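# Structural overview for review
Each chain is listed here by its residues.
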Amino acid sequence: MFGLKPGDRALVVSTHLDDETLGLGGTIAKLTEHGVDVDVLAVACTTAPMYGGSSDADTRRAEFDAACSVLGVHQHHVAWVDTDRAAHPGTYLPELVALIESGPGPCLHTSRPHVLFIPTADSHHQDHQAVHTAALAAARPGAADTRWIPPLVLGYDGPEDRSWRAADEPRTVVVDTSTAWPTKEKALRCYTSQLREAPHPRSTAKIRALDEAAGATIGTETAERFLPYRMAF
């Protein structure tokens, strides 16, 4: 996948705890199955009302730990928890760029990934848009002797992005995740507090339907699609 070999590394920048599974859980599972070390940096976690209920930081971190274990993630870290940075990452862009560049936790400097996965620019959520801007800045071309520059940078979507967005750029990189769907489904079910009942796009049934629609574009059972920002070989 992506020209990667066992022992190569990938870094997923996840805005919130669950985006890594919702957006590319099947791809992560396939990469780890083939011996690629996948690290996940989750930017923000807050205790706050949501969906008529509440989002509890301790619960979400436990769910994140469980999902990353299911997917075979090498290292995972939550950066900002119950702070103003976590609640409003878009107002802290310099700190967000520095976080993705140099940590703490998995980052470009420590992970030195061959492929970097980031949220797409046209996400429905303002926090995702901020993380996209910061991640793309962190991965900008420059002096390779002072900063790690990933040769592949790919954007991923969440189920709400795919369901609610009126139009988008073509997601021309498609990964067959048919054999990885059971692992993705198991990881999704770790997020008890975040999944919803159908027909909400965050339901397992609708996520499966979206992945089946992506798979139909390449003639497979399920797939995940990515927007290429850089592909250097």
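## Overview of the sheet that holds strand S6 (residues 115-119)
Strand order across the open sheet formed by seven strands is S5-S2-S1-S6-S7-S9-S8, with mixed pairing between neighbours. Both outer strands of the open sheet, strand S5 (75-81) and strand S8 (173-176), are each paired with one neighbouring strand and no more. Pairwise comparison of adjacent strand axes, ignoring direction, gives a mean angle of 25° for this sheet. Bridge count between S6 and strand S7 (residues 152-156): five bridges; the pairing is parallel.

## Some remarks on helix H2 (residues 57-71)
Taking 1.5 Å of rise per residue, 15 residues should cover 21 Å, and H2 covers 21 Å from first to last C-alpha, within 8% of that figure. Listed as buried for H2 are Ala 57, Arg 60, Glu 63, Phe 64, Ala 67, Cys 68 and Leu 71. Each buried residue of H2 sits inside an arc of 130° when the element is viewed along its axis, so together they form one side. Exposed residues on H2 whose side chains face more than 90 degrees from its buried face are Asp 58 and Ser 69. With a side-chain oxygen lying 3.3 Å from the backbone nitrogen of Asp 58, the N-terminal cap of H2 falls on Asp 56. Among the residues trailing H2, Gly 72 stands out with phi positive, at a value near 80°.

## Notes on the side chain of Gln 194
Tracing the backbone through its elements, the reader meets Gln 194 in the loop between helix H8 (181-188) and helix H9 (204-216). Here Gln 194 falls in the buried class, since its relative accessible area comes to 2%. Side chain to side chain, Gln 194 and Arg 60 meet in a polar contact 3.5 Å long.

## A word on the nonpolar core
For soluble globular proteins, nonpolar side chains are generally found buried alongside one another. With 33 residues, the main nonpolar core has Phe 2, Val 12, Leu 31, Phe 64, Phe 117 and Phe 226 as its most contacted residues. Elements supplying a minimum of two residues to this core: strand S1 (9-16), helix H1 (19-33), strand S2 (37-45), H2, S6, S7 and S8. Here Phe 226 is in contact with Leu 24, Thr 27, Phe 117, Leu 154, Gly 155, Tyr 156, Arg 171, Thr 172, Val 173 and Val 175, once residues within four sequence places are set aside. Formed by 21 residues, the second largest nonpolar core is a distinct cluster that contains Tyr 92, Val 97, Val 131 and Val 153.

## Focus on H9
For H9, with 13 residues, the first-to-last C-alpha span of 18 Å sits near the 18 Å given by 1.5 Å per residue. Those residues of H9 that sit buried are Thr 204, Ile 207, Arg 208, Asp 211, Ala 214 and Gly 215. Angular distribution of buried residues about the axis of H9 spans 120°; they occupy a single face of the element. Those residues of H9 that are buried lie in contact with H1, helix H7 (159-164), S8, H8 and strand S9 (223-231).

Here is what the cut-offs are and how they apply
- Residues numbered from 1 in each chain as written.
- Predicted model: local features only at pLDDT ≥ 70, side-chain atom pairs only at ≥ 80, totals over all residues.
- Heavy atoms only, no water.
- Pairing = 2+ DSSP bridges.
- Helix = DSSP H or I, 4+ residues; strand = E, 2+ residues; numbered from the N terminus.
- Axes fitted to C-alpha atoms, helices over the stretch in contact; angles between N-to-C directions.
- Expected span 1.5 Å × (residues − 1).
- Buried < 20%, exposed > 50% of the residue type's maximum accessible area, 1.4 Å probe, protein only.
- Arc of directions from axis to C-beta.
- Polar contact = N/O pair within 3.5 Å; in protein donor to acceptor, adjacent residues only side chain to side chain.
- Core = buried A, V, L, I, M, F, W, Y, C linked by side-chain atoms within 4.5 Å.
- Contact = heavy atoms within 4.5 Å.

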